[in-house]
Amino acid sequence: MAERPEDLNLPNAVITRIIKEALPDGVNISKEARSAISRAASVFVLYATSCANNFAMKGKRKTLNASDVLSAMEEMEFQRFITPLKEALEAYRREQKGKKEASEQKKKDKDKKTDSEEQDRSRDEDNEEDEERLEEEEQNEEEDVDN
């Protein structure tokens, strides 16, 4: 847990970006208002986390999950945010699944490349052995001819 109240505030850059995206062009905001919004956002996050934690504890879990957060939003009477949050969650899961599949494919491709390289090395070693054997046989034939 944070030791000082200011440690609980979200980064100013994040708050400023969110505010700029929410307001129409040409509308400015004072430092005082930005600070108040930052504190309000921090309080909201703490409250939502506390409510979500209660749902996790009821489920005898120590890890909060997405359903805990969605339940907390409903308990806090923020129903209108539940659908957009579910949509964002699904988009996040699709993105993570795509990243995982891409990572697995990259690993498979790397493994195939490694297998191919090993086969090439093995083939090269076999060819070198064959060449050495042929040279030996030629030398033996030359020695036989000389004798």
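Residues numbered from 1 in each chain as written. Predicted model: local features only at pLDDT ≥ 70, side-chain atom pairs only at ≥ 80, totals over all residues. Heavy atoms only, no water.

1. Examining the overall build of the protein chain
Then step 1. A count of helices and strands for the protein chain gives four helices and zero strands.
Then step 2. Shown N-terminal to C-terminal, the secondary structure of the protein chain runs as helices and strands in the order α-α-α-α.
Then step 3. Taken against the 2.2 N^0.38 rule, which gives 15 Å for 147 residues, the C-alpha radius of gyration of the protein chain at 33 Å runs more than 25% over that of a compact globule.
Then step 4. Once the C-alpha set of the protein chain is aligned to its principal axes, its extents read approximately 105 × 45 × 35 Å. (Helix = DSSP H or I, 4+ residues; strand = E, 2+ residues; numbered from the N terminus. Rg over C-alpha atoms; globule rule 2.2 N^0.38 Å.)

2. Overview of the UniProt feature "domain: Transcription factor CBF/NF-Y/archaeal histone" (unreviewed entry) in the protein chain
Then step 1. Within this structure's numbering, the places UniProt gives as "domain: Transcription factor CBF/NF-Y/archaeal histone" (unreviewed entry) are residues 9-73.
Then step 2. With 72% helix and 0% strand, residues 9-73 has end C-alpha atoms that lie 21 Å from one another. (UniProt positions renumbered as here; feature names shortened; annotations may be inferred.)

3. Observations concerning helix α2 (residues 31-58)
Then step 1. When the terminal C-alpha atoms of α2 are compared, their 41 Å separation across 28 residues agrees well with the 40 Å that a helix rising 1.5 Å per residue should span.
Then step 2. Here α2 has its buried residues at S38, S42, A48, C51, A52 and A56.
Then step 3. Looking at the buried side of α2, the elements it contacts are α1 (12-22) and α3 (66-75).
Then step 4. Looking one or two residues beyond α2, the residue adopting positive phi is K60, at roughly 55°. (Expected span 1.5 Å × (residues − 1). Buried < 20%, exposed > 50% of the residue type's maximum accessible area, 1.4 Å probe, protein only. Contact = heavy atoms within 4.5 Å.)

4. Some details on the pattern of salt bridges
Then step 1. The tally for this structure, following the rule as stated, stands at four salt bridges.
Then step 2. Across the pair R17 and E21 runs a salt bridge, and its minimum N-O distance is 3.9 Å. In this pair, R17 and E21 are both assigned in helix α1, four residues apart and thus about one turn of the helix distant.
Then step 3. On the accessibility criterion, R17 (48% relative accessible area) is partly exposed.
Then step 4. The class of E21 is exposed, set by a relative accessible area of 63%. (Salt bridge = Lys/Arg side-chain N within 4 Å of Asp/Glu carboxyl O.)

5. Describing a negative patch on the surface
Then step 1. On the surface, D124, E125, D126, E128, E129, E131, E132, E135, E136, E137, E138 and E141 cluster together into a negatively charged patch.
Then step 2. Structurally, the position occupied by D124 is in helix α4 (residues 82-146).
Then step 3. A residue is classified by how much of its surface remains accessible, and D124, at 44% relative accessible area, is partly exposed. (Patch = residues over 30% accessible without salt bridge, like charges linked within 9 Å, V, L, I, M, F, W, Y side chains within 5 Å. Areas by Shrake-Rupley, 256 points an atom, 1.4 Å probe, with all protein chains shown as cover. Lys, Arg positive; Asp, Glu negative; His and termini not counted. Charge placed at Lys NZ, Arg CZ, Asp CG, Glu CD.)

6. Considering the nonpolar core
Then step 1. A48, C51, A52, L70, A72, M73, M76 and I82 together form the largest nonpolar core, which totals eight residues.
Then step 2. Secondary structure elements with two or more residues in this core: α2 and α3.
Then step 3. If near-sequence neighbours (up to four positions away) are discounted, M73 is found in contact with F44, F78, Q79, F81, I82 and L85. (Core = buried A, V, L, I, M, F, W, Y, C linked by side-chain atoms within 4.5 Å.)

7. Looking at a nonpolar patch on the surface
Then step 1. A contiguous nonpolar patch, built from L10, F44 and V45 and spanning about 210 Å² of accessible area, is present on the exposed surface.
Then step 2. Mapped onto the elements of the fold, F44 is located in helix α2.

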